[in-house]
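Report on the structure
So the chains spell out like this:
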Amino acid sequence: MVTGIVQLNVASVVGLVLLALAVVTVADSVEIVQAYEKRALTVFGDMQGLLDPGVHVVPPFVSKTYVFDMRTEAMDVPRQEAITRDNSPVTADAVVYIRVMDAERAFLEVDDYRKATLNLAQTTLRAVLGDMELDETLSRRDEINRRIRTQIDEPTNEWGVRVESVEVREVKPSGDVEAAMEQQTAAERRRRAMILEAQGERRSAIERAQGDKQSNIVRAQGEKQAQILEAQGDAISTVLRARAAESMGEKAVIDKGMETLSKIGTSPSTTFVLPQELTSLVGRYGKHLSGSDVATPAERVESREFDAETRELLGLDDIEELVDEQHTGNGHEEAKEDAEPESI
């Protein structure tokens, strides 16, 4: 009875072992490759090729696969310390974006392409910062990225890896340098503020001066125009007074002559010889009675020349035209009367 039980237990154990071995064999012989992966297959250490995405059966226990992610990977470059060309200590970190383009070369040409690319990026970052001045490291971030990418792209191509982008996240100078830069920046801002304030005051002074100048010009022009108008008014008044005085003097002569004629008329004599001036006097008396102007030419009072705007404002052209017409008409009539001596 005991012997049967022992034989049964041994058979069960052997069966379980065989079953487990079968399960392990099947599991080790089946490889499932994801859509974003490729796997390098080796059998007895010999490279057999790459496994594309899907299900693959491989020799169990003697084969091995290595996974390569074909997507773009981002690797953080730790903060690196460097001395710039002008001997200023700075620290910087970056992010490197890489992508495996040839999984076979990445497997055969380099031990660990991630580690190798990261170490290469660190040394290149320090070298690029050391070849630039402090101001350039702070202001020319794109130049740093381009130079790092150019320098690490060539060796990584040999590994079947492409560097798609390099981004420097921060470049930070030492504490002392940073404090000095802050003081310099503050001083520069104060200087610009003073310059802007001075420029504003200068523009304001120029505007005030120009305004005062324009005001003085307008005021001087107004005073000049007022003086011109006043002088022209005085000249017109003088001309009118002279015309009035001339007319009054002529009228007095005519009145005296007419008084003489009235005395002659009372004389008993019947024949009188009158000079030409006396006949002209009678004609002038008739013109005065009819309201005409004095015909005897008199010396005209000269006035200063007026500008066109002032002449139009005062109506000088109309006044002079009327005066000239009256003088011309009276002169013609006097000449006609003087040319014909009459006898009474």
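Residues numbered from 1 in each chain as written. Predicted model: local features only at pLDDT ≥ 70, side-chain atom pairs only at ≥ 80, totals over all residues. Heavy atoms only, no water.

**Some details on helix 3 (residues 113–130)**
Taking 1.5 Å as the rise per residue, helix 3 with 18 residues should run 26 Å; its terminal C-alpha atoms sit 26 Å apart, in good agreement. Buried within helix 3 are the following residues: Tyr113, Ala116, Thr117, Ala121, Gln122, Thr124, Leu125, Val128 and Leu129. The backbone nitrogen of Arg114 lies 3.2 Å from a side-chain oxygen of the residue at the head of helix 3, namely Asp112. (Helix = DSSP H or I, 4+ residues; strand = E, 2+ residues; numbered from the N terminus. Expected span 1.5 Å × (residues − 1). Buried < 20%, exposed > 50% of the residue type's maximum accessible area, 1.4 Å probe, protein only. Polar contact = N/O pair within 3.5 Å; in protein donor to acceptor, adjacent residues only side chain to side chain.)

**As for the pattern of salt bridges**
Within this structure, the stated rule accounts for 17 salt bridges. Among the salt bridges present, the one from Asp69 reaches Arg71, with a minimum N-O distance of 2.9 Å. Here the salt bridges do not stand alone but share partners, grouping Asp76, Arg79, Asp93, Arg169 and Glu170 into one network. (Salt bridge = Lys/Arg side-chain N within 4 Å of Asp/Glu carboxyl O.)

**Examining the sheet that holds strand 6 (residues 73–83)**
What the three strands build is an open sheet, ordered 6-7-8; its pairing is antiparallel. Two strands close off the open sheet at either side, each with one partner strand: strand 6 and strand 8 (161–173). Taking each pair of neighbouring strands and ignoring which way they run, the sheet shows an average axis angle of 20 degrees. In this sheet, strand 7 (residues 89–100) lies alongside strand 6 in antiparallel orientation, the contact comprising nine bridges. Residue pairing for strand 7: Asp76 is matched across the bridge by Val95. Sitting on the sheet, helix 3 touches strand 6, strand 7 and strand 8, and the angle it makes with strand 6 is about 35 degrees. (Pairing = 2+ DSSP bridges. Axes fitted to C-alpha atoms, helices over the stretch in contact; angles between N-to-C directions. Contact = heavy atoms within 4.5 Å.)

**Topic: the sheet that holds strand 3 (residues 46–51)**
A sheet is described by the order of its strands in space; here three strands give the open sequence 3-2-5, paired in antiparallel fashion. With partners counted over all chains shown, the strands left at the sheet margins are strand 3 and strand 5 (63–69), one partner each. Across the sheet, the mean angle from the axis of one strand to that of its neighbour is 25 degrees, orientation sign disregarded. Here five bridges tie strand 2 (residues 37–43) to strand 3, and the two strands are oriented antiparallel to one another. Its bridge partner lying in strand 3, Thr42 is registered against Met47.

**Regarding the confidence of the model for the protein**
Any region with low pLDDT has predicted coordinates that should not be read closely. With 69% of its residues at a pLDDT of 70 or more, the protein has an overall mean of 78. Segment residues 291–303 is flagged for pLDDT under 50; beyond a separation of four residues in sequence, or across chains, it makes 23 contacts in the model. Within the model, pLDDT remains below 50 along residues 335–344, and this stretch shows 14 contacts once partners closer than five positions in the same chain are excluded. (pLDDT = per-residue confidence, 0-100.)

**A word on the nonpolar core**
Ranked by size, the top nonpolar core spans 32 residues in total, and within it Val96, Tyr113, Leu125, Ile144 and Ile148 carry the most contacts. Counting five residues, the second largest nonpolar core, distinct from the first, contains Leu41, Val43, Leu51 and Val58. (Core = buried A, V, L, I, M, F, W, Y, C linked by side-chain atoms within 4.5 Å.)

**Considering the packing of aromatic side chains**
The final tally for this structure, using the stated rule, is three aromatic pairs. Three or more aromatic residues link up through ring pairs in this structure, and these residues are Tyr66, Phe68, Phe107 and Tyr113. For Arg71, the ring lying beneath its charged end belongs to Tyr36, and the centroid distance is 3.8 Å. (Phe/Tyr/Trp six-rings, centres within 6.5 Å; stacked < 30°, edge-to-face > 60°. Lys NZ or Arg CZ within 6 Å of the ring centre and 35° of its normal.)

**Structural notes on helix 5 (residues 141–158)**
With 18 residues, helix 5 should cover 26 Å at 1.5 Å per step; its first-to-last C-alpha distance of 27 Å lies within 8% of that length. The sharpest bend along helix 5 measures roughly 30 degrees and falls at Ile152, with the proline Pro155 sitting one to four residues further on. Where helix 5 is concerned, the buried positions are Ile144, Asn145, Arg147, Ile148, Ile152 and Thr156. Buried residues belonging to helix 5 abut strand 7, helix 3, helix 4 (134–139) and strand 8. With its phi angle positive at about 80 degrees, Gly160 sits one or two positions after the end of helix 5. (Bend = angle between axes of the 7 residues up to and from the residue.)

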